[in-house]
Amino acid sequence: MEFATFADRAAAIESESADLETVELVAALLDDAEGSLDVVARFVQGRVFPANDGTKLDIGPALCYEALAKAAGPNVTSGDIESRLATVGEIGGVAEALDLGGQRGLAAFGGGNDDDTLTVERVDAELRSLAAAAGSGSTDTKLDTLFGLFNRCEPTEARFLARLVLGDMRIGVGEGAVRDGIAAAFDVSTEAVERALQVSNDCGLVAETARDGGESGLNDIRLAVGRPVKAMLAQAGTALDALDAWERAAVETKFDGARVQVHYDGETVRLFSRNLEDVTDPLPEIVRTVERALDVPAILDGEVVAIDGDGSPRPFQDVLRRFRRKHDIQATREDVTVELRAFDCLHADGADLLDAPFVDRHDRLRTVFDGEISTIRLTDAPEEIADLEASALAAGHEGIMLKDPASAYTPGNRGKNWLKRKPDVETLDVIVTGAEWGEGRRANLLGTFLLSVRDGEEYRTIGKVATGITDEKLEELHERLDPYVRSESGTEVEIEPAIVFEVGYEEIQRSPTYSSGYALRFPRFVSVREDKDPDDAEDLERVERLVE
Ligand SMILES: Nc1ncnc2c1ncn2[C@@H]1O[C@H](COP(=O)(O)OP(=O)(O)OP(=O)(O)O)[C@@H](O)[C@H]1O
C-alpha cells in the first residue's frame, strides 16, 4: 500500500469521532491493505514495530525536527520547527504545513528516480534500518534516513510520518479498535482475535492469520519461545476480597524487584522486561542461572531481585539500575547482585499452559525449574494471610500476592485473579511531560519536572516534582530527558512523554492548577521506572479512584 493512501485513510479516521465508525474505517483499511496488512495493522495504532520484538525506534524530537528542517530546505531550521510547534501544538500539523512535497521535485531533479514512491513497507524497512543503526556516527545515519523519508513525503504523508516516528499518532485508534477492526474486516469473532493477540502480542500476525486462516487459524496461534507476551498484572486487594471471591487463596511473597519473562528454547536464554524490552545482556547471572536450572524449553514468569551480601532483599531501584540498557552495565553489575525468583510457568516442553489453573502451572514450574521459586500457601483463613503478610514484611519483602488457585494466565490483563497487598506506601508512576531549567549551580540542568497521567491518548498534568533529587541524580535525569525535549519557552521545557517517574506524595487534591483536575501534594521523586513505558503509567481513572 502506498504510504500516501495510508496517510489519507489515517486522516479520515482522525476526523471521525464516533467509536463504531472508527472501527469500520479501520476494518476497511485492513481489508484493503493486502500485502501490507502486517505493517498497516501496526502503523494505524502508531506502533512502528511489533510489540514483542524488543526493537525501539528511539528517535527524540530534536532529531526529528532536524530531519524535517533539512527536508524543508535551506531556509528552515530546527528552531523554526520548534517555534511553529509552539503555535500549531503538535508535530504532525507542523510537518504537513512545511509542504515537503515541493522538495521531492528538487530531489528528483538532482538525480532521484521514479521508483521513489513511498509505500508502507518501504517506511517500515527504513525505520527498521534506522533502529538498527548504533554506535558512533549513528546519529548522522539516523538523520539521513529520516531526511530521506521526509524528503519523499507529500504534506499528509509528512503529518503521519512525523507522528509515527515520535510515537504520537493521535487518530484515536488503540488496541481495542484494531482488535474490533480485524474481527469486522475478516469476519471472525472478537474473542478469537483478543485471544490470539494475548498469545502472540503481534497485531500484524493476528490480522494476517484472521484474513488467511479465519477463526481456526487464530485458534491455532500458540505461544512461541522467544516471542514475549505481556505480563499478567495484579490489582490491589485484601485477604477478604480474595476469600470472598475464591474461598481459598494461594498466598505468595511479593518480591520487591523487577518483572522478568524468561524464554529458553533449549539452547539460548532470552530475558524480557515488563515492557517487553530484551534485557538479556544486562543480566548475565540470570542467564547462567536459567541455563543451569532449566532443562526443557520453557517460558517462565518471575521477578529479578537485588540482594545484599547477607541474602536480604535490597530495594527494587537497585534492580532497575541493572535494566538500564546502555550505561555502566559492568559498573552496576559489580555493585548490585541480582537473582531470579520464578513464580509462574506459561509454557514447558512444547505445551502451552496459559489455560491451566495457577496451582498446576506452579507445580509444573517446580518440576522443570531447579532454581529459586516462590512458595505458595493455600489457605482459607484471613488470620493466616495476615501472618504471612507480617512475615513477608519482616523479611524485607514488599508484601504478599494473593492468587486465585484456579485462574488461568491472562497476558496483559489487570484482572481480579491476582491481588497485591502491600503497606500503603503512596507512590504513583507518572509520566514526565515537561521541566524547568534549574537555578544557581543547577542552572544548566533540567530541574523541576512536570508530571502527567494518561487520559486515553492524551496526557493530563498532575503536579511538579523537584524534591528528593540529589545533584548526581539530577545530572543523570537531565541526561535521560534531554533527548526528549520537544520545545522550550523561557525557562519552561516541553518533554516528549517517554520517561516514567515513581513519585511519592502525601495526598491527592482536586485542583484547577493542573489539567487532570488534581494535584499531588508534596510530591517527592523516588525512582525512574526503567521497566515502564508511558502506556504502563497511571491513568486518570486510577487517580479518580484513589481520590474517592
Ligand atoms: N509472587 C509474585 N507474583 C506475581 N507478581 C509478583 C510477585 N512478586 C513480585 N511481583 C511483582 O508484583 C507486580 C504485581 O503488581 P502489578 O501487576 O500491579 O505490577 P506493577 O504495576 O509493576 O506494580 P508494582 O509497582 O506494585 O510492582 C508484578 O508485576 C511483579 O513485578
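Cut-offs and rules
Residues numbered from 1 in each chain as written. Predicted model: local features only at pLDDT ≥ 70, side-chain atom pairs only at ≥ 80, totals over all residues. Helix = DSSP H or I, 4+ residues; strand = E, 2+ residues; numbered from the N terminus. Rg over C-alpha atoms; globule rule 2.2 N^0.38 Å. Buried ≥ 20, exposed ≤ 12 C-beta atoms within 10 Å, placed from the backbone. Contact = placed C-beta atoms within 7 Å. Core = buried A, V, L, I, M, F, W, Y, C linked by C-beta atoms within 7 Å. Domains from an automatic or database assignment. Axes fitted to C-alpha atoms, helices over the stretch in contact; angles between N-to-C directions. Parallel < 35°, antiparallel > 145°, perpendicular 65-115°, else oblique. Left-handed = near helix turned anticlockwise from the far one by under 90°. UniProt positions renumbered as here; feature names shortened; annotations may be inferred. Near = placed C-beta within 6 Å. Nonpolar A, V, L, I, M, F, W, Y, C, P; charged D, E, K, R; others polar. pLDDT = per-residue confidence, 0-100.

Chemist: Help me out: how do you make sense of the overall build of the chain in this one?
Modeler: Within the chain, the secondary structure is distributed over 21 helices and 20 strands. The C-alpha atoms of the chain give 24 Å as radius of gyration, which agrees with the globular expectation for 548 residues (24 Å, within 12%). Dimensions of the chain, computed from C-alpha atoms along their principal axes, come out at roughly 75 × 65 × 45 Å. Split into buried and exposed, the 548 residues of the chain put 45% on the buried side. Within the chain, residue pairs in contact and separated by at least 24 positions form 70% of the contacts whose partners lie at least 6 positions apart.

Chemist: Is there a simple way to explain the nonpolar core in this structure?
Modeler: Across soluble globular proteins, nonpolar side chains show a tendency to be buried alongside one another. Counting 128 residues, the largest nonpolar core has Val-26, Leu-30, Val-40, Cys-64 and Leu-68 as its most contacted members. Here this core gets eight residues from one element, more than from any other, and that element is helix 4 (residues 61–72). When we break this core down by domain, the ones giving at least three residues each are domain 1 (47–165) and domain 2 (233–421). Core analysis: the second largest hydrophobic core is formed by 32 residues, Val-430, Phe-501, Phe-525 and Val-543 among them.

Chemist: Honestly, the packing of helix 2 (residues 19–32) against helix 11 (residues 175–186) in this entry has me stumped. Any pointers?
Modeler: Relative orientation and spacing of two packed helices are given, respectively, by the angle between their axes and the distance between those axes. One way to put it is that helix 2 packs onto helix 11 with a least axis distance of 8 Å and a crossing angle of 60°. With respect to helix 11, the axis of helix 2 lies oblique. As helix 2 packs across helix 11, the resulting crossing turns out to be right-handed. Of helix 11, the residues touching helix 2 (which contributes Thr-22, Val-23, Glu-24, Val-26, Ala-27, Leu-30 and Asp-31) are Ala-177, Val-178, Asp-180, Gly-181, Ile-182, Ala-184 and Ala-185.

Chemist: Sorry, what's going on with the UniProt feature "binding site: ATP" (unreviewed entry) in the chain here?
Modeler: According to UniProt, the feature "binding site: ATP" (unreviewed entry) maps to Glu-252, Arg-259, Arg-274, Glu-303, Phe-343, Arg-414 and Lys-420 in the numbering used here. Structurally, the position occupied by Glu-252 is in strand 2 (residues 249–254). Glu-252 has contacts with Phe-343, Ser-374, Thr-375, Ile-376, Ile-400, Met-401 and Lys-403, leaving out every residue within four places of it along the chain. Along the chain, Glu-303 turns up in strand 5 (residues 298–307). Of the residues examined, Glu-303 has 21 C-beta atoms within 10 Å and is grouped as buried. Apart from residues no more than four positions distant in its own chain, Glu-303 is found in contact with Phe-255, Gly-257, Ala-258, Arg-259, Val-260, Arg-341 and Phe-343.

Chemist: How should I be thinking about the site of the ligand in this particular structure?
Modeler: Taken together, 13 residues sit near the ligand, with Leu-233, Ala-234, Glu-252, Phe-255 and Arg-259 positioned nearest. If you list the elements that add at least two residues to the shell around the ligand, you get strand 1 (233–236) and strand 2. Counting residues per element, the shell around the ligand draws most heavily on strand 2, at three residues. When the residues that make up the shell around the ligand are grouped by side-chain class, the tally is six nonpolar, two polar and five charged.

Chemist: Looking at this model, I keep getting lost on the environment of Val-319. Mind explaining?
Modeler: One can find Val-319 in helix 16 (residues 316–323). With 28 C-beta atoms counted inside 10 Å, the residue Val-319 sits in the buried group. Separated by 58 residues in sequence, Val-319 and Arg-377 place their C-alpha atoms 27 Å apart. Discounting residues that sit within four places of it in the chain, Val-319 has contacts with Gly-257, Ala-258, Val-304, Val-305, Ala-306 and Val-338.

Chemist: Any chance you could explain unusual backbone geometry here in plain terms?
Modeler: Most of the time, phi is negative for any residue but glycine, and the peptide bond is trans. Its identity is not glycine, yet Arg-170 carries a phi of approximately 40°, on the positive side. Inspection of the secondary structure puts Arg-170 in the loop between helix 10 (155–165) and helix 11. Of note, Asp-349 is a non-glycine position whose phi angle comes to about 50°, a positive value. Tracing the backbone through its elements, the reader meets Asp-349 in the loop between strand 7 (337–348) and strand 8 (351–352).

Chemist: How should I be thinking about the confidence of the model for the chain in this particular structure?
Modeler: Low-pLDDT stretches of the model should not have their predicted coordinates read in fine detail. Overall, the prediction assigns the chain a mean pLDDT of 90, with 94% of residues at 70 or greater. Here helix 7 (residues 101–109) stands out as the element of the chain with the lowest mean pLDDT, 51, in contrast to helix 18 (residues 358–368), whose mean of 98 is the highest. With pTM at 0.81, the complex prediction returns an ipTM value of 0.96.

Chemist: Could you clarify how one ought to interpret helix 16 in this entry?
Modeler: Each α-helix turn comprises 3.6 residues. Residues three or four places apart therefore point the same way. Most of helix 16 sits out of view: seven of its eight residues are buried. Restricting attention to buried positions, one finds in helix 16 the residues Phe-316, Asp-318, Val-319, Leu-320, Arg-321, Arg-322 and Phe-323.

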